[in-house]
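Structural overview for review
Read off the chains here:
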Amino acid sequence: MRIINKEMIIIKIYISFDFEGLGGVAQWNDVTKNNKDYKQTYAVRQLKALLEELKEHEITLSDSHAEGNNIPWEITEEFPNVKLISGGIRKYYMMTGIDESFDRMIFFGYHAGVGERYSTMDHTYSSSSIHNIWINKVEMNETLINAAYGGSFGVPLAMVVGDDKLKKQLNPYFKRLYYVETKRSLGRYSAEFKPMKQLLEEIKSTTNEMIDKNKEYFDVYTFTSPIEMIVEFSDTSKADMVESMPLTERIDGRKVKISSDNYRVIFEALLAITYICEA
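Residues numbered from 1 in each chain as written. Predicted model: local features only at pLDDT ≥ 70, side-chain atom pairs only at ≥ 80, totals over all residues. Heavy atoms only, no water.

What about the UniProt feature "active site" (unreviewed entry) in the chain?
The test is simple: UniProt positions are given in the numbering used here, feature names are shortened, and annotations may be inferred rather than shown by experiment. We count a stretch as a helix when DSSP gives it H or I for four or more residues in a row; a strand needs E for two or more, and each element gets its number in order from the N terminus. Note on definitions: a residue-residue contact is assigned when non-hydrogen atoms from the two residues lie within 4.5 Å. Within 3.5 Å is the distance limit for a polar contact, defined as a pair of N or O atoms, with the added protein rule that one can donate a hydrogen and the other accept it, and that residues adjacent in sequence qualify only through two side-chain atoms.
In the numbering used here, UniProt assigns the "active site" (unreviewed entry) feature to His123. As for its position among the elements, His123 is in the loop between strand 6 (104–110) and strand 7 (130–135). If we ignore the near neighbours within four places in the chain, the residues touching His123 are Glu20, Trp28, His111, Ala112, Gly113, Val114 and Glu142. There is a polar contact of 3.2 Å between the side chain of His123 and the side chain of His111.

A few points about unusual backbone geometry
Residues apart from glycine generally show negative phi values, whereas peptide bonds are mostly found in trans. Note the cut-off: Note on classification: 1.4 Å probe, protein chains only; a residue is buried when its accessible area is under 20% of the maximum for its type, exposed when over 50%, partly exposed between these limits.
For the bond from Gly88 to Ile89, the omega torsion is 5 degrees, close enough to zero to count as cis. Examined against the element boundaries, Ile89 turns out to sit in the loop between strand 5 (82–85) and strand 6. Between Ser225 and Pro226 the backbone carries a cis peptide bond, its omega angle lying at 0 degrees. Secondary-structure assignment places Pro226 in the loop between helix 5 (196–211) and strand 13 (227–233). Positive phi values are uncommon outside glycine, yet Tyr92 reaches one of about 70 degrees. Locating Tyr92 in the fold gives a position in the loop between strand 5 and strand 6. Phi at Leu247 takes a positive value of approximately 75 degrees, unusual for a residue other than glycine. When you line up the elements, Leu247 lands in the loop between helix 6 (236–242) and strand 14 (248–250). Under the relative-accessibility criterion, Leu247 is labelled exposed at 57%.

As for the side chain of His65
Tracing the chain through its elements places His65 in the loop between strand 4 (58–63) and helix 2 (75–78). A distance of 3.5 Å separates the side chain of His65 from the side chain of Glu20, its partner in a polar contact. Discounting chain neighbours no more than four positions away, the residues touching His65 are Phe17, Asp18, Phe19, Glu20, Val31, Asn70 and Tyr93.

The structure is reproduced here in structure tokens:
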């Protein structure tokens, strides 16, 4: 946070962008670039509603869906306060660029974790390889995993834009989280959408409420050491590939365990697992 005069406080905000949790999106074709049904315009409309309310602040925007090439660079012409991170493979993937200098995080377009009933395109980092993830016995989704990585730098999660099923998953872990519900998920490939105008107005109004709060208002999500992560794969071949990684213990046919006192090690191990299985 930087004070440039008595009236104006510049807040440094980290935004991690995903796609599946956005309004108007219900199937993989909607979020797959070079597909005729690709809904980039839907994503940009919703993202601009957020950024319009943050024009006075310092923004790092991490394009974190698939290959990280969903947000056009031209958006920085309209919003010159935004630094855009795009492309992949990259270190720390959905959280590239986060550090202790940030005042808060916003997760935009996020979705429920793998296995959530009636959740649209439910998955956790890999829809094809990972069947489940637990950290310290807590069943994980991408929001919790990434919030804990930001939390390792002392940065709180302030706002999430996503579907109703993710909101349900997060309720036990955050007391002061601003949430914009983009849709009501009806099944893995179906959802009920509210009118676009209503959703855009909700994004704007919620952003305005969130930005008025001090950093200390929000929850910093962390894990207590020692930290144990168990990853269950979709089949035994994935566990075969990952088993040779350092710090990895094979539990059974489809599960491996990694333990560390440092959450950042756990986070990097999960990314390495994902890259190995998706290669």
